[in-house]
Structure formats: structure tokens, C-alpha cells
Amino acid sequence: MSLIVFPAIDLKDGQVVRLAEGDMDRATIYGNDPAEQARKFADEGADHLHVVDLDGAFAGKAVNAGAVEAIIRAFPGKVQVGGGIRNRAAVDRWLGLGVDRVVIGSAALDDPDFVKAAARDLPGRIVVGVDARDGLVATHGWADVSNVPVIELADRFADAGVAALLFTDVGRDGLLKGCNVEATIHLARNTNIPVIASGGVKDLGDILDLARHASEGIEGVITGRALYDGALSLAAALHVARGR
């Protein structure tokens, strides 16, 4: 069973950046042309892309819409977008622009009925972001940590028809500490929803570890800093993930 590799493009002030542990004050800038970065990933073989409007995650609405739209036009594959999507109008707008799936994080905790209704009406298009700090769900750009355990949030959407759960270990994100494979597998084994791993991927070993458990419900993996810093080859990651 193969694993989807989602190269990540995180946007702050229209630039391609990576944060450390979700901290906007700890941003590393990797480029000023998000569309060109999307084309580069496509040229390297990617057929999926994960895009986050970081400013939007804090503002609760799209902030880097122009950059996201340029990415959508430039990338021939499937684009998944998250960051500040907290109502149906935002969902419909992104899908109308050609986004394949939208990732909803904070609203999954704050307004689950909206998320469930969207998932019901739009099969295969809604991904629930499960961002965790020490096993508890973090929201609003990871600035707030709830008292809701990760598994409990997953259970709330067990029969909602969401396409996937995007699980991020916030404490590892952007630090190249290695993906929390154990926690990702634990979540996948305890939910009937496919799980996408995110946060801290450091090298090909993480991709291999996750690929070995793809049959247990791990759908894909998101990687950012490892690609930008050269610690991980996208071509090699795709090769391993596709079981070749």
C-alpha cells in the first residue's frame, strides 16, 4: 500500500516560510515566489501539495489568498489548503478555485457541526486538522491548547465522513526532530479515518517508517523543512512512499 507525500508550502506575508513549533516569530524564509516553489515540487514528481495560510490561521480568515491562488494555477496536481478556514463560505470559495481538499483545524473543536455538515455535503473534500501538543489538541494557529485528547477529537468525527485526519505533533514541527511515528500509528489504529502524518519529518527514515504502516490507516505524510534544507530528497521520498 502506498503513501502520499505532500510537500508543504507555508505562507507568511506572501513568502514561503517554515516555522519552528508553530511560532510566527521563529520563521525561516525560503522564497518569495510560492507559485515557482509549487512548480519546482511538480517538476520533482509531486502530485499532491499541502499549502497553509499561516497568517490566516491566526486571523481566522484567508490572508494569503493571492499566493494560494497562484499556487493552484501553477501546480498540475492536487492541492490541499489549510489555515483560517472556519465557515462554509471559506470552504466553498477554496473548492471553487480548484482546491482538492480543505483542512479545518480550530473549527473542528469550536464548531464541529459546521465541519460535519461540510463533510456530509462534500464527500472526500474535508480534512480535519488534529494538532497536538503533549497529546492535547492545539488550536488557533497552535496558540491555544485545549483539554481535549487527540483520540477524543478523532472519535467525534468517526462517522462524519471526513476524508482524513491531519495529525501534527506541534512540539516537533519545523525542528527536524523526526516525525512522531509512534503517536501517528496509535491514532491510525484507534480511528476508522485515514491519517496524514505531519510535524518534524527529518529524513528518509521517517518516510520508510510511515510507509511500513500505510496498511494500518496512514494515508500520507507532509514534509517541509527537510525538503527545503536538503535533508530529504523529494524524489527518494516519493520512490519509497510509492513502494518502488
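Criteria and thresholds
- Residues numbered from 1 in each chain as written.
- Predicted model: local features only at pLDDT ≥ 70, side-chain atom pairs only at ≥ 80, totals over all residues.
- Heavy atoms only, no water.
- Helix = DSSP H or I, 4+ residues; strand = E, 2+ residues; numbered from the N terminus.
- Buried < 20%, exposed > 50% of the residue type's maximum accessible area, 1.4 Å probe, protein only.
- Lys, Arg positive; Asp, Glu negative; His and termini not counted.
- Charge placed at Lys NZ, Arg CZ, Asp CG, Glu CD.
- Contact = heavy atoms within 4.5 Å.
- Arc of directions from axis to C-beta.
- Polar contact = N/O pair within 3.5 Å; in protein donor to acceptor, adjacent residues only side chain to side chain.
- Pairing = 2+ DSSP bridges.
- Right-handed = clockwise from strand over helix to strand, strands pointing away.
- 1 Å grid on protein atoms, 1.4 Å probe; cavity = no way out; pocket = protein on both sides within 12 Å on 5 of 7 lines; lining within 4 Å.
- Points joined across faces, edges and corners; volume = space filled by probe spheres on them.
- Nonpolar A, V, L, I, M, F, W, Y, C, P; charged D, E, K, R; others polar.

**Student:** I'd like a description of the overall build of the chain, backed by residues and values.
**Tutor:** Across its full length, the chain carries eleven helices and twelve strands. Residues counted as buried form 55% of the 244 residues belonging to the chain. Positive and negative side-chain charges of the chain, numbering 25 and 34 respectively, have mean locations separated by a distance of 3 Å.

**Student:** Tell me what's going on with unusual backbone geometry, and back it up with residues and numbers.
**Tutor:** A positive phi is found at D13, a non-glycine position, where the angle reads about 55 degrees. Counting through the fold element by element, D13 comes out in the loop between β1 (4–12) and β2 (15–20). On the basis of relative accessible area, D13 is assigned to the exposed category, the value being 57%.

**Student:** Can you tell me about the environment of A154, naming the residues and giving the values?
**Tutor:** With respect to the secondary-structure elements, A154 resides in helix α7 (residues 150–156). Given a relative accessible area of 1%, A154 falls into the buried group. Taking C-alpha positions, A154 is 30 Å from I71, a pair spaced 83 residues apart along the chain. Once residues within four sequence positions are removed from consideration, A154 is found in contact with L165, L187, T191 and I193.

**Student:** Any details on helix α11 (residues 234–241)? Residues and values, ideally.
**Tutor:** Buried within α11 are the following residues: L234, A237, L238, V240 and A241. Seen along its axis, α11 keeps its buried residues to an arc of 165 degrees; they face one direction. Against β1, α1 (34–43), α9 (204–211) and α10 (225–228) lie the buried residues of α11. Two or three places before A235, at the start of α11, stands the capping residue S233, its side-chain oxygen 3.4 Å from that residue's backbone nitrogen.

**Student:** Break down the pairing of strand β11 (residues 195–198) for me, with residues and values.
**Tutor:** Judged by which residues are buried, β11 turns out to be covered on both faces: V195 and A197 on one side and I196 and S198 on the other are all buried. Two elements, strand β10 (residues 164–169) and β11, share four bridges in a ladder whose sense is parallel. Bridge pairing in β11 links F167 to A197. Across three bridges, β11 lies against strand β12 (residues 218–223) in parallel orientation. Residue pairing across strands places V195 opposite I218, the latter belonging to β12. Note on the crossover from β11 through α9 to β12: the handedness is right-handed.

**Student:** So what's going on with the layout of surface pockets? Which residues, and what values?
**Tutor:** In this structure, the largest pocket encloses a volume near 230 Å³. Around the largest pocket, the lining is made up of 13 residues, and of these A132, G135, F167, N180 and A183 lie nearest the centre. Among the elements that take part in the lining of the largest pocket, helix α8 (residues 181–189) stands out by supplying three residues, more than any other. Split by residue class, the lining of the largest pocket holds six nonpolar, four polar and three charged.

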